[in-house]
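# Survey of secondary and tertiary structure
The residues making up each chain are set out below.
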Amino acid sequence: MSLCDLSAGTLWRKLQSGEVTAVAATTDYLNAITQFDGQVAAFLHVDRDTALAQATNLDAKRSRGEPVGLMAGLPVAIKDVLCIKGEPTTCGSKMLQNFRPPYDAHVIEKLRAADAVLLGHTNMDEFAMGSSSENSAYQVTHNPWDLSRTPGGSSSGSAAAVAARMAPVSLGSDTGGSIRQPAGLCGIVGMKPTYGRVSRYGLIAYASSLDQVGPFSTDVTAAAALLEAIAGHDPRDSTSVNQPVPSYTSTLDQPLQGLKIGVAKEFFAEGLDAEIEQAVRTAIDVYRGLGADVREVSLPHSKYSIATYYLIAPSEASSNLSRYDGVHYGHRTESATSLNEMYAASRGEAFGPEVKRRIMLGTYALSSGYYDQYYVKALRVRRLIREDFDKAFADVDIIAGPVTPTAAFKIGEKSDNPLGMYLADVYTISANLAGIPGISVPCGFTPAGLPIGLQLLAAPFQEERLLRAARMYERETDWVTRKPALA
Amino acid sequence: MHYQPIIGLEVHVQLQTQTKIFCGCSTAFNPDQPNVQTCPVCLGLPGALPVLNGTALRLAIKTAMALNCQIAKFTKWDRKQYFYPDLPKGYQISQYDLPFSFDGQVELITNAETGESRPIRIIRAHLEEDAGKNVHDETGRGRDSMVDLNRAGTPLVEIVSHPDLRSAAEARQMLEELHALLTYLEVSDCNMQEGSLRCDANVNLHITKDDGTVVATPIVEIKNLNSFRFTEQAVEYEIARQWKAFQETGKTIKDAPKSTRGFDPDRGVTTIMREKEEAADYRYFPDPDLVPVTVTDEQLAAIRSEMCEAPAVMRKRFQSEYQLSAYDASVIIDQGRLLAEYFEATAKLCGDGKQAANWVTQDVLRVMKERKETIANFPLRPEVLGSLIARVTQKQLTIKSAREVFADLLTAEEDQTPAPSMAQIDEIVAAKGLAIVQDDGAMETAIAAVIDKNPKAVADFQAGKQAAVGALIGQVMKQLKGADAQAVREKILTKLSGG
Ligand SMILES: [Zn+2]
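Keep in mind it's a predicted model, so treat the numbers as computed, not measured.

Before going further, it helps to examine the overall build of chain A. Of the regular secondary structure elements, chain A holds 16 helices and eleven strands. In summary, chain A has a C-alpha radius of gyration of 21 Å against a globular reference of 23 Å for 487 residues, a match within 12%. Each of the three principal axes of chain A carries a C-alpha extent, and together these read 65 × 55 × 45 Å. Expressed as a percentage of its 487 residues, the buried residues of chain A come to 61%. Pairs at least 24 apart in sequence give 76% of the contacts found in chain A among residues at least 6 apart.

What follows is the structure, encoded as structure tokens:
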């Protein structure tokens, strides 16, 4: 039996107790990558030797009787948006094809300190812009449940790697749903923490006021462990919040008493597939059965979230991506005779169409004469969306709903329809705009056998409550034990 | 037809923090080793984030307080976006609509003799990061240009004045005033060669036509002036150029938008950089990587308590407290805070501000200049100089003797550490017999002896040769170095004319 057959939480506990060695776990996962990634295309870069060296060091440390860190040798796959010192870090873009950061992202430092084993970098939509991996400059990742379908995105490779059991856990980043949406489509757990809970230092920026790093896992337990390892204040990120990190893993199995669950009617409106609605309502019934008080809440401004998001995120992106100008690093054109030509050609050659679309959108929204009617207005609506959540959370502990309106769509199905692609994030975006934490947990399958996700949202810094609520549901169901046929 | 120049300045001041404004890199001036004072943050690498250096904000607030500005309780950071190789992020972190300070004023001395002054209003002062430096191939062989990012991220305060200045001389004066103010406060070293203080000047003319109507010429911004002299020359040239252009073309501000010119110091002319200000759209928006700053009253009070006296205030006080002329006060103040403090300590110790000012502005400054020394290294401390001057004011030493002692103290210093002391004054005075002789008996004796020994001179004098008395005085003075020559003269005359 391969260690990849264990759930991530079980493997993590066995690593902690020393029952399983880091080398054994790492070897099995590296073998799984060799076996399946040809079909899934989740990884952009795997460094077997480095991964095994980390595992060997950790086992040696343990055999010397030294204490080991929280991750205890658990292998982790990393979205290509996070800087790893000396390793190729491309952000899914030609622009950074030859870029190797001279430094580790804060979360990578944290993972090293917690004795995790880094497996490599996973595929993503270019600069985290997209919901299917089709915007990656390098490859299209396939959904392990149906290889003709997308795993979602932009953290496509991190989600698909975990779903295909090529990694027990992984890190992604979520700007408008880029963790929760692929987790939902891949039938795994994915969590976006509160904005400011995890440092963004070394996370290549897409939209700075929305980006947040978070875990993927086959189960809630290892997701909690991974979040515990990466969360915490970082003085190098001014937006990182200085609040103690609770021990999520130690309270995880305590059910919440008197849990109040809100159901937002706006999340069950037109456009939601019946089979998704059915699965989510059934999941909410599970909570009822556990004694939760389920009541309706209203998020009246959530209908503006996509419009708001597609002004704020591209505005910030248009600015964040100006550093890729071919001068100091990254792609530089071979054919330019003037400075302006060099800028235009370098950027024109190395950015993909979706990145260009968002840069243009953002540049337009920030232009003088349009700034007030687009960017400033979007900020105002964003505040209203946040206030909706504040009001709702005065009444309930958790808001439950679908992650996506449909299950995984076909690769190529929406690639000529950017607006249709944007709608894939309709239920996840408002959490980013409000800065609140959200988690996607598997809650069933469509008749065609595609995974369905349940989204739980909580008030800022209520990750502990969110994880405990997710775990309550997980114990009552067996979705996390299902694996795609491929794995 | 006559014209009035209208001039406003935008002054950039590098703050003297140890580290950059948004990262921990050194701000030291280091052009010989490009790109060594850099890190992921100031290189603008993917994933790097800025964190505000609190000292930069504190020094900036100090600057604004000295400019009598209002300090905003809430201030934020904005991105000013444009592409340029010395700007690694593609945007500069600056302040747009909510600068940390606004509405100030600086007293500009308009008449050095009388000390007359006029307020120049400050629109705003904001904090931002400096860009790097593009280094172009100057060999003419068309080699690649290089970028040095050592300077990128140095904290910079931009001070924007109203167009309240009326001549090139006033523009220079304003820059000098800011230089004095900022160095007094120790917020900037204002080293203009190193680019710590540089300015842009906005210039145009208001022309009164013969029929009494007033028109304005198109506004020109002269960029990057990095010395007092160039500022004055550039503005002077620009005024003349605009006057000539108006007479030739009659073009007014309505006919041409603002243009940008550069100053060529070798030719002493301004040349066109950008014909029309291509409505540069910087797409300012709040930097989402930084949090807005709230400043409390307690913080402001703490900063205020660290403020030293502003040079303009000190200048006025020196005039009233030590009876200095406006001119002397300015000479002292303009030498910097350390010299002003040196003067004041000396004045207090000798009890005569005017004498102290004479000594400091003449003797001390002359020696400093000869020795290329700063006041910090000047060997005579204020207590020694003060004590020396006190002996003059108390008529124990003549000015001439005091100068001799001053010179001896400095000569002695050359081959001895510790610095000259007050005891040494006494030694030199005693050794050279410089003490003023107030003992009439001693003078009488010396005069009698000289008269006895010089019968020829006495005879010449009595024969009507007035000049002969000079030789006698000289001989008495040789014996009594500290004697008052006037008193000796009177006594000799009395004696020879029958006394
Ligand atoms: Zn730096």
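Let us look at the overall build of chain B. When helices and strands are counted, chain B shows 15 helices and 17 strands. Relative to a compact globule of 499 residues, whose C-alpha radius of gyration would be 23 Å, chain B shows 31 Å and is clearly more extended. Out of the 499 residues belonging to chain B, those deemed buried represent 40%. Considering only contacts in chain B between residues 6 or more positions apart, those separated by 24 or more positions represent 69%.

Note on placement: Ser401(B) falls in helix 10 (residues 399-414). Sequence separation between Ser401(B) and His2(B) is 399 residues; the distance between their C-alpha atoms is 57 Å.

The domains assigned to chain B are domain 1 (2-297), domain 2 (309-432) and domain 3 (440-496). Once you take the C-alpha centre of each, domain 1 of chain B and domain 3 of chain B turn out to be 69 Å apart.

So, about the sheet that holds strand 4 (residues 78-81) of chain B. Residues and elements named next belong to chain B. Strand order in this open sheet of three strands is 5-4-16, and the pairing throughout is antiparallel. Two strands lie at the open edges of the sheet, namely strand 5 (91-94) and strand 16 (285-286), each paired on one side alone. In terms of strand pairing, strand 4 meets strand 16 through two bridges, oriented antiparallel. By the bridge assignment, Arg79 is partnered in strand 16 with Phe285.

So, about the interface of chain B and chain A. If you look at the interface, chain B gives 25 residues, while chain A gives 34 residues. Its residues assigned to classes, the side of chain B that touches chain A shows 16 nonpolar, four polar and five charged.

Formed by 277 residues in total, the largest nonpolar core has its most connected members in Leu74(A), Val76(A), Leu82(A), Ile398(A), Leu456(A), Ala60(B) and Ala201(B). Those residues in contact with Ala60(B) that sit more than four places away from it in its chain are Leu15(B), Phe100(B), Leu127(B) and Val157(B).

Residues and elements named next belong to chain A. Here helix 3 (residues 48-63) spans 22 Å end to end across 16 residues, near enough to the 22 Å set by a 1.5 Å rise per residue. For helix 3, every residue scored as buried is listed here: Ala51, Gln54, Ala55 and Leu58. The arc that holds every buried residue of helix 3, seen down its axis, measures 95°, which confines them to one face. In helix 3, the exposed positions angled more than 90 degrees off the buried face are occupied by Asp49, Ala60 and Ser63. Next to the buried residues of helix 3 lie helix 2 (22-40) and strand 3 (117-122). At the exit of helix 3 stands Gly65, carrying a positive phi of roughly 85°.

What follows concerns the confidence of the model for chain B. When pLDDT is averaged across chain B, the result is 90; 96% of the residues are at 70 or more. Complex prediction metrics read pTM 0.89 and ipTM 0.96.

Here we take up the packing of helix 2 of chain A against helix 3 of chain A. In helix packing, the relevant descriptors are the interaxial angle and the interaxial distance, both defined with respect to the helix axes. All names here are of chain A. Running from amino to carboxyl end, helix 2 crosses helix 3 at an angle of 160°, the nearest separation of the two axes being 8 Å. Taken together, the axes of helix 2 and helix 3 lie roughly antiparallel to each other. Here helix 2 runs over helix 3; the crossing is right-handed. Where helix 2 abuts helix 3, its residues Ala22, Val23, Thr26 and Leu30 lie against Arg48, Ala51, Leu52, Ala55, Thr56, Leu58 and Asp59.

This next bit is on the packing of helix 1 (residues 8-17) of chain A against helix 7 (residues 220-230) of chain A. All names here are of chain A. It is at 6 Å that the axes of helix 1 and helix 7 come closest, and there the two elements cross at 60°. Between helix 1 and helix 7, the angle is such that the two are oblique. Where helix 1 abuts helix 7, its residues Ala8, Gly9 and Trp12 lie against Thr221, Ala222 and Ala225. Considering only residue class, the contact of helix 1 with helix 7 consists of four nonpolar, two polar and no charged.

Turning our attention to the sheet that holds strand 10 (residues 438-445) of chain A. Residue and element names in this part refer to chain A. The eleven strands are arranged 1-3-2-4-6-5-10-11-9-7-8 in an open sheet whose pairing can be described as mixed. The open sheet has two edge strands with one neighbour each: strand 1 (43-46) and strand 8 (293-297). Adjacent strand axes in the sheet meet at a mean angle of 30°, parallel and antiparallel pairs treated alike. One ladder, built from three bridges, connects strand 2 (residues 75-79) with strand 4 (residues 169-173); its direction is parallel. Counted as the bridge partner of Ala77 is Ser170 from strand 4.

Residue and element names in this part refer to chain A. With respect to burial, strand 11 (residues 451-458) is a largely interior element, eight of its eight residues being buried. Neither face of strand 11 is left uncovered, since the one carrying Pro451, Gly453, Gln455 and Leu457 and the one carrying Ile452, Leu454, Leu456 and Ala458 both have all their residues buried. Taken together, the seven bridges between strand 10 and strand 11 define a ladder with antiparallel strand orientation. The partner of Gly438 across the bridge, within strand 11, is Leu457. Between strand 10 and strand 11, which pair antiparallel one after the other, the connecting turn spans five residues, and Gly449 there sits at a positive phi close to 85°.

Attention now moves to unusual backbone geometry. Residues and elements named next belong to chain A. A cis amide bond links Gly153 to the next residue, Ser154, at an omega of 10°. Among the secondary structure elements, Ser154 is positioned in the loop between strand 3 and helix 5 (156-163). Although it is not a glycine, Ala128 adopts a positive phi angle of roughly 65°. Within the fold, Ala128 resides in the loop between strand 3 and helix 5.

All names here are of chain A. Of all the bends found along helix 2, the most pronounced is centred on Thr34 and spans about 40°. If you check which residues of helix 2 are buried, you get Ala22, Val23, Ala25, Thr26, Asp28, Tyr29, Leu30, Ala32, Ile33, Phe36, Asp37 and Val40. Where helix 2 is buried, its residues contact helix 1, strand 1, helix 3, strand 2, strand 3 and helix 5. Just beyond helix 2, the residue with positive phi is Ala41, at close to 60°.

Let's shift gears to the environment of Pro382(B). All names here are of chain B. Structurally, Pro382 can be placed in helix 9 (residues 382-393). When the C-alpha positions of Pro382 and Asp86 are compared, they lie 48 Å apart, and in sequence the two are 296 residues distant. Once you skip the residues sitting within four places of it in the chain, Pro382 turns out to touch Tyr342, Ala345, Thr346 and Leu349.

What follows deals with the environment of Val106(B). All names here are of chain B. Tracing the backbone through its elements, the reader meets Val106 in strand 6 (residues 101-111). In sequence terms Val106 and Asp255 are 149 residues apart; their C-alpha atoms lie 33 Å from each other. Setting aside chain neighbours within four positions, we find Val106 in contact with Leu67, Ile120, Ile122, Glu177 and Leu178.

This brings us to the pairing of strand 3 of chain A. All names here are of chain A. Most of strand 3 sits out of view: six of its six residues are buried. Bridge count for strand 1 against strand 3 is three bridges, and the pairing is antiparallel. Within the sheet, the bridge partner assigned to His45 lies in strand 3 and is His121. Looking at chain direction, strand 2 and strand 3 are connected through five bridges and run parallel. Each residue of the ladder has a partner; that of Lys79, found in strand 3, is Thr122. Remark: the strand 2/helix 4 (residues 106-113)/strand 3 crossover connection has right-handed handedness.

Reading guide: rules and limits
- Here, residues in each chain are numbered from 1, in the same order as that chain's written sequence.
- Just so you know, chain letters begin at A and ligand numbers begin at 1, following the order they were written in.
- The predicted origin of the model limits local features to residues at a pLDDT of at least 70 and limits the giving and counting of side-chain atom pairs to 80 or more, whereas totals for whole chains, interfaces and linings rest on all residues.
- The way it works is that DSSP assigns letters per residue, a run of H or I at least four long becomes a helix, a run of E at least two long becomes a strand, and they are numbered from the N terminus.
- The globule rule is 2.2 Å times the number of residues to the power 0.38, and the radius of gyration it is compared with is taken over C-alpha atoms.
- Counting other C-beta atoms within 10 Å of a residue's own tells you its class, since 20 or more makes it buried, 12 or fewer makes it exposed, and anything in between is partly exposed; those C-beta atoms are placed from the backbone.
- A residue pair is marked as a contact if its C-beta atoms, positioned from the backbone, fall within 7 Å.
- Source of the domain bounds: an automatic or database domain assignment.
- Should DSSP find at least two bridges between two strands, the strands are regarded as paired.
- Gly falls in the polar group here, along with every residue not listed as nonpolar (Ala, Val, Leu, Ile, Met, Phe, Trp, Tyr, Cys, Pro) or charged (Asp, Glu, Lys, Arg).
- What makes a nonpolar core is a set of buried Ala, Val, Leu, Ile, Met, Phe, Trp, Tyr and Cys residues, with links drawn between C-beta atoms within 7 Å.
- A helix is expected to span 1.5 Å for every residue after the first.
- This arc is built from the directions going out from the helix axis to the C-beta atoms.
- Per residue, pLDDT captures the predictor's confidence, and it can take any value from 0 to 100.
- The axes used here are C-alpha line fits, helices contributing only the stretch in contact, and every angle between their N-to-C directions lies in the interval 0 to 180 degrees.
- Oblique is the label for any angle not under 35 degrees, not over 145, and not in the 65 to 115 range, which are roughly parallel, roughly antiparallel and roughly perpendicular in turn.
- A crossing counts as left-handed when the near helix is turned anticlockwise from the far one by less than a right angle, and as right-handed when that turn is clockwise.
- Two axes define the bend at a residue: one fitted to the seven residues ending there, one fitted to the seven starting there, and the bend is the angle between them.
- Orienting the strands away from the viewer, one traces the path from the first strand over the helix to the second; a clockwise path indicates a right-handed crossover.

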